[in-house]
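Topology and contacts: notes
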Amino acid sequence: MNRYHTVKKSKDFYNIIHNGRFFKNKSYVVYVYENKLDIYRFGISVSKKLGKAVYRNKYKRQLRYIIDKYKKYYQNGFDYIIIIRNSYIDLNFEQKERDYKYLIDMINNYYKEKINEA
């Protein structure tokens with residue numbers, strides 16, 4: 001994942017979470033907000049409840065790999081904030097990947113329907 005495609009500022013996280021639409025399943029919560037840019041951006045959040053820094057960084061590395069793997073599914077002009085939930089720890093990597101792909105498909109279907117309505 002390119003550094004240019006990340007959300008880093010606390011103000012941006014706050015804006016996306018409070019003004020964006022969310023989608024969730026047992027492993028993730030994804031907030032989506034339309035930005036005025038020609039790129040998509042990602043932010044990742046992992047709670048301290050999920051473990052010490054070594055484990056939290058491992059979970060973020062896994063998620064960044066999954067994000068890179070499915071980058072052809074993202075729509076330009078959107079910001080995504082991904083929050084990892086507690087049940088993420090108990091899953092194997094294939095299940096984590098499958099849950100993420102399901103959420104991205106759900107987001108794309110929602111916005112395709114919304115575009116078709118307009």
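Residues numbered from 1 in each chain as written. Predicted model: local features only at pLDDT ≥ 70, side-chain atom pairs only at ≥ 80, totals over all residues. Heavy atoms only, no water.

**Some thoughts on the overall build of the protein chain**
Assigned secondary structure in the protein chain consists of 3 helices and 4 strands. The C-alpha radius of gyration computed for the protein chain amounts to 14 Å, which stays within 12% of the reference 13 Å derived for 118 residues, consistent with globular compactness. Summarising its shape, the C-alpha atoms of the protein chain cover approximately 45 × 30 × 25 Å along the three principal directions. In the protein chain, the share of contacts with a sequence separation of at least 24, taken over all contacts with a separation of at least 6, comes to 79%. When the accessible surface of the protein chain is summed, it comes to about 7700 Å², and 48% of that surface belongs to carbon and sulfur atoms. (Helix = DSSP H or I, 4+ residues; strand = E, 2+ residues; numbered from the N terminus. Rg over C-alpha atoms; globule rule 2.2 N^0.38 Å. Contact = heavy atoms within 4.5 Å. Areas by Shrake-Rupley, 256 points an atom, 1.4 Å probe, with all protein chains shown as cover.)

**Some words on the environment of asparagine 108**
Inspection of the secondary structure assignment puts asparagine 108 in helix 3 (residues 93-117). For the pair asparagine 108 and aspartate 79, spaced 29 residues apart in sequence, the C-alpha separation works out to 13 Å. When sequence neighbours within four positions are dropped, the list of residues in contact with asparagine 108 reads Tyr73 and Gln75. Polar contacts involving the side chain of asparagine 108 include one to the side chain of glutamine 75, which spans 3.1 Å. (Polar contact = N/O pair within 3.5 Å; in protein donor to acceptor, adjacent residues only side chain to side chain.)

**Comments concerning helix 2 (residues 53-69)**
Its 17 residues place the ends of helix 2 24 Å apart at the C-alpha level, agreeing with the 24 Å of an ideal helix rising 1.5 Å per residue. Those residues of helix 2 that sit buried are Arg56, Tyr59, Gln62, Leu63, Ile66 and Ile67. Along the long axis of helix 2, the arc covered by the buried residues comes to 140°, so they all point the same way. (Expected span 1.5 Å × (residues − 1). Buried < 20%, exposed > 50% of the residue type's maximum accessible area, 1.4 Å probe, protein only. Arc of directions from axis to C-beta.)

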